[in-house]
Amino acid sequence: MPAPSPVSRQISASGPRHRLQLAPLVRDLLADGLIRQNDLARARATGSEQRNRDMHPLVLLADLKLSRAEQDGRDVPLGIEELTQWLARREGLPYVRIDPTRVEVATVTSLFSLSYAQRHRILPLSVDAKAVTIATSEPHALDWQQDLRGILKREIKLVLCSPLDLSRYTMEFYGVTRSLRGAKQHQNEQAGLPSFEQLVDLGQSGDLTADDQHVVHIVDWLLQFAQEQRASDIHLEPRRDTSKVRFRIDGVLHKVFEMPTAVMTAAVSRIKVLGRMDLAERRRPQDGRIKTRSPTGREVEMRLSTMPTAFGEKCVMRLFDPDTAMKSIEQLGFDADEGERWQRLTGRPHGIVLVTGPTGSGKTTTLYSTLQRLATSRVNVCTVEDPIEMINPEFNQMQVQHQIGLSFAAGVRTLLRQDPDIIMIGEIRDLETGQMAVQAALTGHLVLSTLHTNDAPSALTRLLDLGVPHYLIGSTLNGVLAQRLVRTLCHLCKKPHPIPPADWASLIGRSATPPSTEGYIGVGCVECRHTGFRGRVGLYELLELDQSLRQQIRPDMDLSRFTAAAVDQGMRTLNWAAAQKVAAGQTTVAEVLTVLPKQD
């Protein structure tokens, strides 16, 4: 990593001139109608506070919570973002919301020093062969521009950002870079490149340790950073020279950071220490878990998994925020009819209810949210999981441990002696587990579990393939819920957009009538990080078994004929669920086609 350029020594040590002042800003706000006449006195009274403290005037104004009257008579406080956007429009500068996942931190912080950035209230965001994009919160104090053009030999693209974001990310970016540089200085320069044959020796040379203060800071920053960015998974991926960190946000992986491989090795060791994993074992995969707090103070659980690769241990951390893992029926994406049917299905006293879908389709969230609703003081809810995704004080949770013979089937056998009312089985993977699930349902228990199938009717053929007798499936299975997760359009930047008939045909077939001719697309804005999408919602295919459908369950059952009969009985397919979400303006045809099973 290149050392920071000594820009601060080549420019006069005197601070920048022409910084924003409160009085002119207040006059301009009044002239533009953003504040009222009676707010002038309050705003001007803060002028002495600005002189006494080096506080940005926009921050002072935001703290006052000045408000303007909207057309409907409501008072809307002026926040720091709205004030910054107003200033950017007035100064003719692009406004940006700093997205740290799109900043090459090591590169931009090498352009000039932290002291220079703080003195001039600037922060580099990107650099290429021709230009450097620099964010500022002081559009009038630009004495530094000419000097930087000469030193960096590039044009300066100036953008305006919130002074709070600027201050925060300046400290974060330079702080983590300083930790990386400090960790790298501890690295033994004689250490050879890691290779597959040397995996057992990685991290044992003593060059970098898990408790090194720089490594501790890097790991703490990554965990907090991931929570702030709404990441569901953190990937630490070692490579030959420079290793990368990626976050999965709304189901899509984004590269957010790079670090030397030796630092990555130490960071993974630090995570293994936090997760109470075997630090010396690097040849075999391991699992662990961490409980920490989010920036807002909520407890967040992380499930850890490591595996050996050619250049070191790869580590994946899955984040489980209780606020997102425990959702209401409406928050999960069920419409009113689906929600009522699902609650009725899971409210029965006995029988089997299955949730199907590929990995990452939200099955765990659906099951936990359902169990949370069912777990009253009058029932005993027991689970057997591999692994326990998230600890819940309302459940009695058991972890599968194959090394001591505690399988899913053995776990269910034990739970049946624990006087349960509701049993949740993490997954039905084999005949023995399927038989125990059937046995539990036959003896008067409600059993919830998961399978990996493309749609709801396929769950029946999967059980038949495992060897579960068809007559037991017909007598115990109450219903199947197939689901997918799809990204939702950002509500701030989506706009109407006609959907071509060919797109509808690819989703619901040419013979079906589209639910709408109009849809929406996401334009991209600072809130959605210019992706056009923010958050995800579930698509559901709910199959309820009535007597006529149960009679069709046979060893040689025709799946296509059974599916057609289920549709006639009211089952809405995943494709039709997706079409209704598209017609409602929640997502796009192109987006749902990436998660739906391919049609014949």
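The name given to the chain in an unreviewed UniProt entry is Flp pilus assembly complex ATPase component TadA, with the source organism recorded as Pseudomarimonas arenosa.

Three or more residues of helix α2 (residues 22–31) are buried, namely Leu-22, Leu-25, Val-26 and Leu-29. The buried residues of α2 occupy one face: seen down the axis, they fall within an arc of 100°.

Below, the discussion takes up the side chain of Glu-385. Of note, Glu-385 is situated in strand β13 (residues 381–385). An unpaired buried charge is present at Glu-385: no salt bridge exists, and Arg-289, the closest side chain of opposite charge, is 7.4 Å distant. Here the side chain of Glu-385 touches Glu-389 through a polar contact of 3.4 Å, landing on its backbone nitrogen. Ignoring any residue separated from it by four or fewer positions in sequence, one finds Glu-385 in contact with Tyr-368, Gln-397, Met-398, Gln-399, Val-400, Phe-408, Met-424 and Gly-426.

Taking every second residue as pointing to the same face, the buried face of strand β7 (residues 242–249) carries Ser-243, Val-245, Phe-247 and Ile-249, while none of Thr-242, Lys-244, Arg-246 and Arg-248 on the other face is buried. Between strand β6 (residues 231–237) and β7, which pair antiparallel in sequence order, lie four residues. Pairing geometry for β7 and strand β8 (residues 252–260), over eight bridges, is antiparallel. For Lys-244, the partnering residue across the bridge sits in β8 and is Glu-258. Where β7 folds back onto β8 in an antiparallel hairpin, the turn is made up of two residues, including Asp-250, whose phi is positive at roughly 55°.

In a soluble, globular protein the nonpolar side chains are often hidden away together inside. Formed by 61 residues in total, the largest nonpolar core has its most connected members in Leu-236, Val-245 and Phe-247. Sort the elements by how many residues they give to this core and helix α11 (residues 213–228) lands first, with eight residues. When residues no more than four places from it in sequence are discounted, the contact partners of Val-245 are Leu-222, Ile-234, His-235, Leu-236, His-254, Lys-255, Val-256, Phe-257, Met-259 and Met-264. Membership of the second largest hydrophobic core comes to 55 residues, among which are Phe-408, Ile-499, Phe-562 and Ala-566.

The next point concerns the sheet that holds strand β4 (residues 131–136). Pairing is mixed across the open sheet formed by three strands, whose spatial order is β3-β4-β5. Unpaired on one side and paired on the other, β3 (122–127) and β5 (155–160) mark the two borders of the sheet. This sheet shows a mean twist of 30° between the axes of neighbouring strands, independent of strand direction. Here helix α9 (residues 144–152) sits on the sheet in contact with β3, β4 and β5, set at roughly 140° to β5.

Take empty space enclosed by the protein next. Applying the stated rule across the entire model yields two cavities of 30 Å³ or more. Together, Ile-352, Ile-428, Gly-434, Ala-437, Val-438, Leu-463, Val-468, Ile-473, Thr-476 and Leu-477 line the second largest cavity. Counting only elements with at least two residues in the lining of the second largest cavity, the list comes to α18 (431–442) and α20 (470–476). Among the elements that take part in the lining of the second largest cavity, α18 stands out by supplying three residues, more than any other. Taken together, the residues that form the lining of the second largest cavity break down as eight nonpolar, two polar and no charged.

How each quantity is defined
Residues numbered from 1 in each chain as written. Predicted model: local features only at pLDDT ≥ 70, side-chain atom pairs only at ≥ 80, totals over all residues. Heavy atoms only, no water. Buried < 20%, exposed > 50% of the residue type's maximum accessible area, 1.4 Å probe, protein only. Helix = DSSP H or I, 4+ residues; strand = E, 2+ residues; numbered from the N terminus. Arc of directions from axis to C-beta. Lys, Arg positive; Asp, Glu negative; His and termini not counted. Salt bridge = Lys/Arg side-chain N within 4 Å of Asp/Glu carboxyl O. Polar contact = N/O pair within 3.5 Å; in protein donor to acceptor, adjacent residues only side chain to side chain. Contact = heavy atoms within 4.5 Å. Pairing = 2+ DSSP bridges. Core = buried A, V, L, I, M, F, W, Y, C linked by side-chain atoms within 4.5 Å. Axes fitted to C-alpha atoms, helices over the stretch in contact; angles between N-to-C directions. 1 Å grid on protein atoms, 1.4 Å probe; cavity = no way out; pocket = protein on both sides within 12 Å on 5 of 7 lines; lining within 4 Å. Points joined across faces, edges and corners; volume = space filled by probe spheres on them. Nonpolar A, V, L, I, M, F, W, Y, C, P; charged D, E, K, R; others polar.

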